[in-house]
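Structural overview for review
Chain by chain, the residues run as shown.
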Amino acid sequence: MKVVILGAKGQLGWEFTHFLRDKVKVFPFSHKELDILDSKDLKRRFEEIHPDVVINCAAYTKVDRAEEERALAFKINSIGAKNVSFASFEVNAKVVYFSTDYVFDGEKNVPYTELDKPNPISCYGESKFVGEQFTREFNPNHLILRISWLYGINGNNFVKTIVKLAKEKKPLKIVDDQRGTPTYTLDVVKQTWRLIQKGSVGLYHSSNDGEATWFDFAKEIVSNLNLNAEVTPIKTEEYPTKAKRPPYSILENYSLELEDLNIMRDWREALRDFTNRYKEQF
Ligand SMILES: NC(=O)c1ccc[n+]([C@@H]2O[C@H](COP(=O)([O-])OP(=O)(O)OC[C@H]3O[C@@H](n4cnc5c(N)ncnc54)[C@H](OP(=O)(O)O)[C@@H]3O)[C@@H](O)[C@H]2O)c1
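For the structure given in this document, a descriptive report is provided here.

About the thresholds
Residues numbered from 1 in each chain as written. Predicted model: local features only at pLDDT ≥ 70, side-chain atom pairs only at ≥ 80, totals over all residues. Heavy atoms only, no water. Near = heavy atom within 4 Å. Polar contact = N/O pair within 3.5 Å; in protein donor to acceptor, adjacent residues only side chain to side chain. Areas by Shrake-Rupley, 256 points an atom, 1.4 Å probe, with all protein chains shown as cover. Patch = residues over 30% accessible without salt bridge, like charges linked within 9 Å, V, L, I, M, F, W, Y side chains within 5 Å. Salt bridge = Lys/Arg side-chain N within 4 Å of Asp/Glu carboxyl O. Buried < 20%, exposed > 50% of the residue type's maximum accessible area, 1.4 Å probe, protein only. Pairing = 2+ DSSP bridges. Helix = DSSP H or I, 4+ residues; strand = E, 2+ residues; numbered from the N terminus. Axes fitted to C-alpha atoms, helices over the stretch in contact; angles between N-to-C directions. Contact = heavy atoms within 4.5 Å. Phe/Tyr/Trp six-rings, centres within 6.5 Å; stacked < 30°, edge-to-face > 60°. Lys NZ or Arg CZ within 6 Å of the ring centre and 35° of its normal.

We now examine the site of the ligand. Lining the immediate surroundings of the ligand are 22 residues, of which His31, Asp35, Thr61, Tyr124 and Lys128 lie closest. With respect to the ligand, the side chain of Asp35 contributes an N or O atom lying 2.8 Å from a nitrogen atom. At a separation of 2.7 Å, an oxygen atom of the ligand approaches a polar side-chain atom of Thr61. In isolation the ligand exposes 900 Å². Once the protein is present, 80% of that is buried.

Following this line, the structure appears as C-alpha cells:
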C-alpha cells in the first residue's frame, strides 16, 4: 500500500509518518515540499506516486489568530481540503481529513455524536466544518475524523506549554469551565489505521475517552511528570481569548462504537503512556 502524508512535519503528520513507515510505503510531504494550495503540484505528485491513501494533516491550527487571518484559515482548512480531496479522487485514492470538536457550539451538556448538528462559533471551527464538507463532496472515498485537544511529541501543544511554564516557575492559572477530551496523536493514528484497514468511509468522532477541563488536564500533566507546580483553577472570563471556545465539546465515538471499531483509550491512560514514553525529553 502507498500512503501520502500531507503536513508531515505537524503533530499528527509526524506521528503518522513514524507509525506507518515500517508497515507501508509512505510518502511524507512537509508544507515546504508540497503546498495543499497548489492544486497543480498536488495533481502532478499524485500522478507520479499513485497513492492508495492520502492522509491530509495539513492545516491552519492557530485558533485565536484565525479570527484575524480569516481568509488564510479558510484557504488552508477549506480550499486546501477541497484541492486534496479532488486530487485524491482523480487518482482513485482514499482521502483522510481531520476535523475538530470546535465545529460544535458547546451548548449541550451531554457528549456530541456524529448525528448532532455542527454550529461553529469561531473562524477556525467554521473553516474546518467547510473543510469537512468539501472533503466529502469531492471524493466519495473519504474518511473524516473529528478529534479534540490534541497533543503529541512533535510540535506545540498544551502539555508542552504546561511543562515549560512549570519549569520557569510561572503561575499555572488554568481554565476549569471548558470541558473536552485531551487526545494523544498516537491513538488517533492507530484508530485511523484501523479504519483504513477495514475499508471504512464517512464521518467518525475519534477522541480519547472520558472528559476533562483544561485544569484537570494540567493537574494530570503536573502529577505524571512530578513537576513542582501548583495549578489554580480560573474561569474563562479571567482568561480572555480572541476566539470563542465551546464550553462543552465532548465527542462521543458513537459511529466507532456502533461499528465495533472503537479502540480509543481513556484520556488519563493515554496521557500516562505519553508522559512515560517521553519523560526523558521533558
Ligand atoms: N491541535 C489540536 O488540538 C487539534 C484539535 C482538533 C483537531 N485538530 C486537527 O488535526 C489536524 C492535525 O493537527 P496538528 O495539531 O497536527 O496541526 P499542526 O501541528 O499545526 O500541523 C499542521 C501542519 O500543516 C502544515 N501546513 C500548513 N499550511 C499548509 C499548506 N498550505 N500546505 C501544506 N502543509 C501546510 C503546517 O506547516 P507549517 O507549520 O510549516 O505551516 C504544519 O506542519 C488538523 O487538521 C487540525 O485541524 C487539531
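Read on for the rest.
With that settled, the discussion passes to a nonpolar patch on the surface. On the surface, a cluster of nonpolar side chains totalling about 350 Å² of accessible area is made up of Leu115, Tyr254 and Leu258. Given a relative accessible area of 61%, Leu258 falls into the exposed group.

We now examine the sheet that holds strand β5 (residues 142–147). Spatial ordering of the open sheet is given by β2-β1-β3-β4-β5-β10, a layout of six strands whose pairing is parallel. Unpaired on one side and paired on the other, β2 (25–29) and β10 (202–205) mark the two borders of the sheet. The average undirected angle you get between the axes of adjacent strands in this sheet is 20°. On top of the sheet, helix α3 (residues 70–90) reaches β1 (2–6), β3 (53–56) and β4 (94–100); it is set at about 160° to β4, its chief contact. Those strands touched by helix α6 (residues 185–198) are β3, β4, β5 and β10, and its axis lies near 155° from that of β5.

What follows deals with the packing of aromatic side chains. Scanning the entire structure with this criterion turns up 17 aromatic pairs. Between Phe158 and Phe217 the ring centres are 4.9 Å apart and the planes differ by 25°, which places this aromatic pair in the stacked class. Highlighted residues: Phe158 in helix α5 (residues 158–167) and Phe217 in helix α7 (residues 214–224), separated in sequence by 59 residues. Judged by its relative accessible area of 1%, Phe217 is buried. Seen in terms of ring centroids, Phe217 and Trp267 are 6.0 Å apart; in terms of plane orientation they differ by 80°. Their pairing is edge-to-face. Taken together, the residues Phe217 in helix α7 and Trp267 in helix α9 (residues 267–277) connect sequence positions 50 residues apart. The pair formed by Phe217 and Trp267 is uniform in burial state, with each residue classed as buried. Through a chain of ring-to-ring contacts, three or more aromatic side chains come together here, namely Trp149, Tyr151, Phe158, Tyr184, Trp214, Phe217, Trp267, Phe274, Tyr278 and Phe282. Over the aromatic face of Tyr60 sits the side chain of Lys62, whose NZ or CZ is 5.3 Å from the ring centroid. Between the NZ or CZ atom of Lys82 and the centre of the ring of Phe134, over which it lies, the distance is 5.7 Å.

Before going further, it helps to examine the pattern of salt bridges. Going through the model one piece at a time under the given rule, you end up with 20 salt bridges. For Arg70, the salt bridge identified is with Glu126, shortest N-O distance 3.6 Å. Within this pair, whereas Arg70 is found in helix α3, its partner Glu126 is found in helix α4 (residues 123–138), the two being separated by 56 residues in sequence. For Arg70, a relative accessible area of 39% gives the class partly exposed.

Listing the buried residues of α7 in full gives Trp214, Phe215, Phe217, Ala218, Glu220, Ile221 and Val222. Buried-residue contacts for α7 involve β6 (150–151), α5, β7 (172–175), β11 (212–213), β12 (231–234) and α9. Asn226, located one to two residues past α7, shows a positive phi value of around 50°.

The residue Pro182 is located in the loop between β8 (179–180) and β9 (183–184) in this model. Separated by 35 residues in the primary sequence, Pro182 and Phe217 place their C-alpha atoms 7.3 Å from one another. When sequence neighbours within four positions are dropped, the list of residues in contact with Pro182 reads Ser148, Trp149, Tyr151, Asn208, Ala212, Phe217 and Trp267.

Okay, helix α1 (residues 11–20) next. Side chains that are three or four residues apart share a direction in an α-helix, a result of its 3.6 residues per turn. The buried fraction of α1 is high, at eight of 10 residues. Burial in α1 covers these residues: Gln11, Leu12, Gly13, Glu15, Phe16, Thr17, Phe19 and Leu20.

In regular strands, side chains alternate between the two faces of the sheet. Both β1 and β2 contribute to a ladder of five bridges, which runs parallel. Its bridge partner being in β2, Val4 is matched across the sheet by Phe27.

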